[in-house]
Amino acid sequence: MNLKELLNPQQYEAATYLDGHLRIIAGAGSGKTRVVTYRIAYLIENVGIAPRNILAITFTNKAANEMKERVEHILGEEAYGTTICTIHSLCVRVLRRHASLLGYPHNFIIMDEEDQKSLMKKLFKNNNVSDKGITIKSMIHYISACKTNLITPEKATNLASLPAEKVKAKIYLEYENYTKEHAMMDFDDLLLNTLCLFQDHTEVVELWSHRYQYVHVDEFQDVGEIEYRLIKYFGKASIVCVVGDPDQTIYSFRGSDVNYILNFDQDYENVKTVFLNQNYRSTKTILDVSNNLIRRNKHRLEKDLFTDHEAGDKVVHYSAVSEAAEAEYIANTIMNLENEDGVNFKDIAILYRANYLSRPIEQVLIQKGIPYKIFGGLKFFNRKEIKDALSYIRLLVDNDDLAFERIANVPTRGVGAKTLENIQACALRHGLNEYEALCFYMDEINLTGKAKKGLKALINSMENARLSDKAPEQIFEDLLRSVGYIEMLTKDHEESRIDNIMELKNSIATYMQEHPDTANFESYLQDIALYTTQDEETDEDYVSLMSIHMAKGLEFSYVFVAGLSENIFPSIHAMEDNHESGLEEERRLAYVAFTRAKKRLYLTDSQGYSYVSQSPKVTSRFVQELGTKLVENAGRPSAFKTDHYVKVHESADEQIGDNKEENWKVGDLVVHDVFGKGVIVAVKGNYVDVAFSVPHGMKTLMSRHKALKRLHS
């Protein structure tokens, strides 16, 4: 095996360096899996290390299997015995041998997602908790988040202040008690219990740390505190080689910390760093714009990717007049690629920052008969909250029984199966639909006090909506707020579901604007019936739609990145807590998206108003950060210029600015750069409430923000 012929100089250095710990900074498409594979092969074949003394940790089963297959392809039977697995799988090996030290039997049960759901249903029932108020999924996520952040049930109880939080903490405690009593461990427990084992039993650490002479960790930029501490234990007596790219750290919401790879040379002694900068995936143009973008981040290790590939086509940035026009451009371009260039649909991907952005794209793809598949989520109109919201509209339009049955207890109103049966029986007796029976014969139905109160409030909300003379999209939002649906999602921290609801509102508004002669809910429901009754596409050749997080590690010849509007991408939610670090992670996410493309990269955004970000749309700063020479701008530029509102790579203080205005009073007239003229209706310390004209309405703003100025008559 002549590695010098198989690898480039940097790859060769990384594969053969054995004099100390090694950090491989592997840029996108630089062949990192190839390097780790040949490094393992080199250790076995050239150095003579026994396979059983080599460990490679990955973070997905797919990556582990791929690496195993590659090593075995190179070495054949000689590779047998090498430990290549996920960190969860490695922890299971440890626990199967030493679980008794923690009070578990060796044959403890590993819970999968279905086991967790079943247990959660049992605990909800025991505590009389409705899954309409706190969903099973959100409860499982809450427990996982607590464990990831090393928060015990006792600490969670002490931290809980709101009633819903106290309920969650109580269920968390019961969940832990139940799993321990029944010798069960979920996936988080596999890591946490192994960590506890290592912390309390030095003899176990000695056994496992001396088993391996060489430890390799793939995707090291994605490790969190628990994984990092485990790796420290496993590699205590070994040479540790970590592989990753700080510019692709995009999972901080799961606990990933970019500092572990950035500071690896400070935490370990005698560390060599090798940069893999040669990209084998993308054209020179795609790499150059991606380098221009990520170079804006301050918190990174400096590197620039290069390639021997040709320059290729310019990156296309298309600015559309509306979301529908943006989707139309994407679909038409895909059809041209297929018809004129002979491109297969499977070579095309459409990526987006958040799942709600798929809605207008899906509608156009269906209209044009372009096969597609959503990865990592449901198609837009199949999502639970969208079906719930449409059921409210159907009930509003024609008192539909199926719609009523779906939302009667969403949010929870004390309406169970028995109560629904009573309502249905009453409807049959009087020859009415269920909603009408409830309206006219409520006293005849055997209702509990809670159910009667909740259903009266539902009827009141529905009838107020029917009497409203507001625009349909506003009636829709008002209705969901009035019945408590938005409040339910807010309490449960379901931000992505709220974003989907706001995108449905946008869908309604768009339909009404485009169909002024039939601008009503009934016509809208008929129009979207096409999108809610589509059969699942089974054709192997399809366009892939997915969030950028789902796309990591993948590559496509042609990539569209949609929804590149400020406050959407970069996401306003991601920047709320810590603007600078949040913005840098968003920029890393854009870098990941752009470097998925092999041949052509298309960036799109649209104009108009975003009900998700609650602001007019301007093109994302990330488009401007690419430079002008390598980007071809098309479509109709927005009247709003990004640099009027966002200074590229400025600090939070610079963005806020200082309008030098003081002593605001109720009644003062103001003008805002985005929202126009308004009047101050309340002054709250450093913030003011301002009433603007439709469609902006009431806004709470920083009183000294540079965008807000006093209007002098």
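- Labelled according to an unreviewed UniProt entry, the chain appears under the name DNA 3'-5' helicase, originating from Intestinibaculum porci.

## Let's talk about the sheet that holds strand S12 (residues 543-547)
Here is step 1: Taken in spatial order, the 7 strands line up as S11-S12-S10-S13-S14-S9-S17 in an open sheet, and their pairing is parallel. Edge positions in the sheet fall to strand S11 (372-375) and strand S17 (631-635), since each of these pairs with one other strand and no more. Strand after strand, the sheet turns through a mean of 20° between neighbouring axes, direction not considered.
Here is step 2: Set on the sheet, helix H15 (residues 284-294) makes contact with strand S9 (315-320), strand S14 (597-606) and S17; between it and S14 the angle comes to about 50°.
Here is step 3: Along the sheet, helix H17 (residues 358-367) contacts strand S10 (348-352), S11 and S12; its crossing angle with S11, the most-contacted strand, is approximately 160°.

## Comments concerning the domain arrangement of the chain
Quoted interface sizes are often the accessible area lost when the parts come together.
Here is step 1: In terms of domains, the chain is made up of domain 1 (3-93 + 193-278), domain 2 (110-182), domain 3 (298-379 + 542-639), domain 4 (382-533) and domain 5 (652-710).
Here is step 2: In this structure, domain 3 and domain 4 have C-alpha centres spaced 34 Å apart.
Here is step 3: Every contact between the two is made by 18 residues of domain 3 and, on the other side, 15 residues of domain 4.
Here is step 4: Regarding the contact of domain 3 and domain 4, the summed buried area is about 1600 Å², with carbon and sulfur atoms giving 52% of it.
Here is step 5: On inspection of domain 3 and its partner domain 4, the count reaches 1 salt bridge.
Here is step 6: Between Arg359 and Glu503 there is a salt bridge whose closest N-O contact spans 2.7 Å.
Here is step 7: At the boundary of domain 3 with domain 4, the tally comes to 5 residue pairs in polar contact (both at pLDDT 80 or more).

## Section: the environment of Lys168
Here is step 1: In this fold, Lys168 is placed in helix H9 (residues 163-181).
Here is step 2: With 325 residues separating them in the primary sequence, Lys168 and His493 have C-alpha atoms 13 Å apart.
Here is step 3: Leave out the neighbours within four places in its chain, and Lys168 touches Ile134, Met139, Tyr142, Asp492 and His493.

## Observations concerning empty space enclosed by the protein
Here is step 1: Following the criterion strictly, the structure yields 2 cavities of 30 Å³ or more and no others.
Here is step 2: Quantified by volume, the largest cavity comes out at close to 90 Å³.
Here is step 3: What lines the largest cavity is a set of 13 residues, among which Glu323, Glu326, Leu357, Pro360 and Gly563 lie closest to the centre.
Here is step 4: Mapped onto the lining of the largest cavity, the elements with two or more residues apiece are helix H16 (323-341) and H17.
Here is step 5: No other element matches the 3 residues that H16 contributes to the lining of the largest cavity.
Here is step 6: Size it by volume and the second largest cavity reaches roughly 40 Å³.
Here is step 7: Residue lining of the second largest cavity: Glu323, Tyr356, Met502, Glu503, Asn506, Ile568, Tyr609, Ser610, Tyr611, Val612 and Lys617, and that is the complete set.
Here is step 8: For the lining of the second largest cavity, the secondary-structure elements that each account for two or more residues are helix H25 (495-514) and strand S15 (609-610).
Here is step 9: Among the elements that make up the lining of the second largest cavity, the one with the highest residue count is H25 (3 residues).
Here is step 10: When residues of the lining of the second largest cavity are assigned to domains, at least three map to each of domain 3 (298-379 + 542-639) and domain 4 (382-533).

## Topic: the side chain of Asn500
Here is step 1: Along the chain, Asn500 turns up in helix H25.
Here is step 2: With residues up to four places along the chain from it excluded, the contact list for Asn500 reads Asn355, Tyr356, Phe380, Arg383, Glu385 and Ile386.

## Regarding a positive patch on the surface
Here is step 1: Taken together, Lys68, Arg93, Arg97 and Arg211 make up a surface patch of like positive charges.
Here is step 2: Looking at the secondary structure, you find Arg93 in helix H5 (residues 87-98).
Here is step 3: On the accessibility criterion, Arg93 (38% relative accessible area) is partly exposed.

## Here's the deal with the sheet that holds strand S7 (residues 239-244)
Pairing between the strands of a sheet is mediated by backbone hydrogen bonds and can be parallel or antiparallel.
Here is step 1: The strand order across the open sheet formed by 6 strands is S3-S2-S6-S7-S1-S8, and the pairing between neighbours is parallel. Every interior strand has two partners, whereas the edge strands, strand S3 (83-86) and strand S8 (271-276), have only one. Strand-to-strand, the axes of this sheet are offset by a mean angle of 15°, without reference to chain direction.
Here is step 2: Where strand S2 (residues 54-58) lies against strand S6 (residues 214-217), 4 bridges are found, and the strand directions are parallel. Bridge pairing links Ala56 to His216 in S6.
Here is step 3: Strands strand S1 (21-26) and S8 of the sheet are contacted by helix H2 (residues 9-16), whose axis makes an angle of about 150° with S8.
Here is step 4: Here helix H3 (residues 32-47) sits on the sheet in contact with S1, S2, S3, S6, S7 and S8, set at roughly 170° to S6.

## A few points about the confidence of the model for the chain
The predicted coordinates should not be examined in detail at positions where pLDDT is low.
Here is step 1: Per-residue pLDDT for the chain averages 89, and the proportion of residues at 70 or more is 95%.
Here is step 2: Long-range and interchain partners of residues 533-539, a stretch whose pLDDT sits below 50, account for 4 contacts in this model, where long-range means more than four residues apart.

## Points about the pattern of salt bridges
Here is step 1: Inspection of the entire model under this criterion finds 50 salt bridges.
Here is step 2: Among the ionic pairs, Arg295 bridges to Asp304, the shortest N-O distance being 3.1 Å.
Here is step 3: Given the relative accessible area of 37%, Arg295 is considered partly exposed.
Here is step 4: Given a relative accessible area of 33%, Asp304 falls into the partly exposed group.
Here is step 5: Its salt-bridge partner being Glu555, residue Lys598 comes within 3.7 Å of it at the nearest N-O pair. You can see Lys598 sitting in strand S14 and its partner Glu555 sitting in the loop between helix H27 (548-551) and strand S13 (556-561), a full 43 residues away along the chain.
Here is step 6: Overall, Lys598 belongs to the partly exposed group, its relative accessible area being 29%.
Here is step 7: For Glu555, a relative accessible area of 39% translates into the label partly exposed.

## Here's the deal with unusual backbone geometry
Here is step 1: Cis geometry marks the peptide bond from Val410 to Pro411, where omega comes out at 0°.
Here is step 2: Mapped onto the secondary structure, Pro411 falls in the loop between helix H19 (401-407) and helix H20 (417-430).
Here is step 3: A cis amide bond, omega 10°, links Val694 with the succeeding residue Pro695.
Here is step 4: One non-glycine residue, Lys660, lies in the positive phi region at around 65°.
Here is step 5: Locating Lys660 in the fold gives a position in the loop between helix H31 (652-656) and strand S18 (669-672).
Here is step 6: Its relative accessible area of 66% is what places Lys660 among the exposed residues.
Here is step 7: Despite not being glycine, Asn663 has its phi angle at roughly 60°, a positive value.
Here is step 8: One can find Asn663 in the loop between H31 and S18.

Definitions and limits used
- Residues numbered from 1 in each chain as written.
- Predicted model: local features only at pLDDT ≥ 70, side-chain atom pairs only at ≥ 80, totals over all residues.
- Heavy atoms only, no water.
- Pairing = 2+ DSSP bridges.
- Helix = DSSP H or I, 4+ residues; strand = E, 2+ residues; numbered from the N terminus.
- Axes fitted to C-alpha atoms, helices over the stretch in contact; angles between N-to-C directions.
- Contact = heavy atoms within 4.5 Å.
- Domains from an automatic or database assignment.
- Buried area = accessible area lost by both parts, 1.4 Å probe.
- Salt bridge = Lys/Arg side-chain N within 4 Å of Asp/Glu carboxyl O.
- Polar contact = N/O pair within 3.5 Å; in protein donor to acceptor, adjacent residues only side chain to side chain.
- 1 Å grid on protein atoms, 1.4 Å probe; cavity = no way out; pocket = protein on both sides within 12 Å on 5 of 7 lines; lining within 4 Å.
- Points joined across faces, edges and corners; volume = space filled by probe spheres on them.
- Patch = residues over 30% accessible without salt bridge, like charges linked within 9 Å, V, L, I, M, F, W, Y side chains within 5 Å.
- Areas by Shrake-Rupley, 256 points an atom, 1.4 Å probe, with all protein chains shown as cover.
- Lys, Arg positive; Asp, Glu negative; His and termini not counted.
- Charge placed at Lys NZ, Arg CZ, Asp CG, Glu CD.
- Buried < 20%, exposed > 50% of the residue type's maximum accessible area, 1.4 Å probe, protein only.
- pLDDT = per-residue confidence, 0-100.

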